[in-house]
Amino acid sequence: QVQVVESGGGLVQAGGSLRLSCTASGLTFDDYAMGWFRQAPGKEREGVSCISWSGGSTYYADSVKGRFTISRDNAKSTLYLQMNSLKPEDTAMYYCAAAMGRYCPVYGGARAYDKWGPGTQVTVSS
């Protein structure tokens, strides 16, 4: 049974940092590109970042470029999101998901990911 579980969320002041982790089991981790998404109350889920199976390609939403860094450790079946210079508008539930292939989907957004974790809450106070 596939399980994807996020951790590392919490409450932080604006300008602070958090590191999210996502562990996956029940799948061959390096067969899949992995992504981070977030959803704030009353808003649609949005893609934050994606990393290819090898880590050789990464993508970021414009809103987080230069502040967030995605990485993965295939030996540990773990995905990370280092978040620096956090802003109140980064407040959201953050989700980890496995894509349907080795490379970050160009089309489809969240629909191109089929293995999701329950999420971890990130709250940034001003």
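Just above, that's the structure.
Residues numbered from 1 in each chain as written. Predicted model: local features only at pLDDT ≥ 70, side-chain atom pairs only at ≥ 80, totals over all residues. Heavy atoms only, no water.

**Some details on the pattern of salt bridges**
Stage number 1. Per the counting criterion, the structure on display carries 6 salt bridges.
Stage number 2. Taking the shortest distance from any N to any O, the salt bridge between Arg38 and Asp90 comes out at 2.9 Å. A residue pair is termed long-range when its members are at least 10 positions apart, and Arg38 in strand β4 (residues 34-39) and Asp90 in the loop between β8 (78-83) and β9 (92-99) qualify at 52 residues. Judged on exposure class, the residue Arg38 and its partner Asp90 are both buried.
Stage number 3. The salt bridge involving Asp90 is made with Arg67; its shortest N-O contact spans 2.7 Å. Taken together, the residues span a long stretch of sequence, with Asp90 in the loop between β8 and β9 and Arg67 in the loop between β6 (58-60) and β7 (68-73) at a distance of 23 residues.
Stage number 4. Taking relative accessible area as the criterion, Arg67 reaches 10% and is therefore assigned buried.
Stage number 5. Through salt bridges with shared partners, a single ionic network connects Arg38, Glu46, Arg67 and Asp90. (Salt bridge = Lys/Arg side-chain N within 4 Å of Asp/Glu carboxyl O. Helix = DSSP H or I, 4+ residues; strand = E, 2+ residues; numbered from the N terminus. Buried < 20%, exposed > 50% of the residue type's maximum accessible area, 1.4 Å probe, protein only.)

**Some words on the nonpolar core**
Stage number 1. Grouped together as the largest cluster of nonpolar side chains are 28 residues, with contacts concentrated most on Met34, Trp36, Phe68, Leu79, Leu81, Met83 and Tyr94.
Stage number 2. Going through the elements one at a time, β3 (18-25), β4, β5 (46-51), β7, β8, β9 and β11 (120-125) are the ones with two or more residues in this core.
Stage number 3. By size, the runner-up hydrophobic cluster in this structure holds 9 residues, among which are Ala33, Ala97, Ala99 and Tyr113. (Core = buried A, V, L, I, M, F, W, Y, C linked by side-chain atoms within 4.5 Å.)

**Here we look at the state of the cysteines**
Stage number 1. One pass over the full model with this rule turns up 2 disulfides.
Stage number 2. What pairs with Cys22 in a disulfide is Cys96, and their sulfur atoms sit 2.0 Å apart. Given an S-S torsion of about -65 degrees, the disulfide between Cys22 and Cys96 has left-handed geometry. Taken together, the residues span a long stretch of sequence, with Cys22 in strand β3 and Cys96 in strand β9 at a distance of 74 residues. Of the two residues, Cys22 and Cys96, both sit in the buried class.
Stage number 3. Look at the protein and number its bonded cysteines as they come in the sequence; the links are 1-3, 2-4. (Disulfide = S-S within 2.5 Å.)

It is worth stressing that arrangement in space is one thing and function is another; only the former is reported here.
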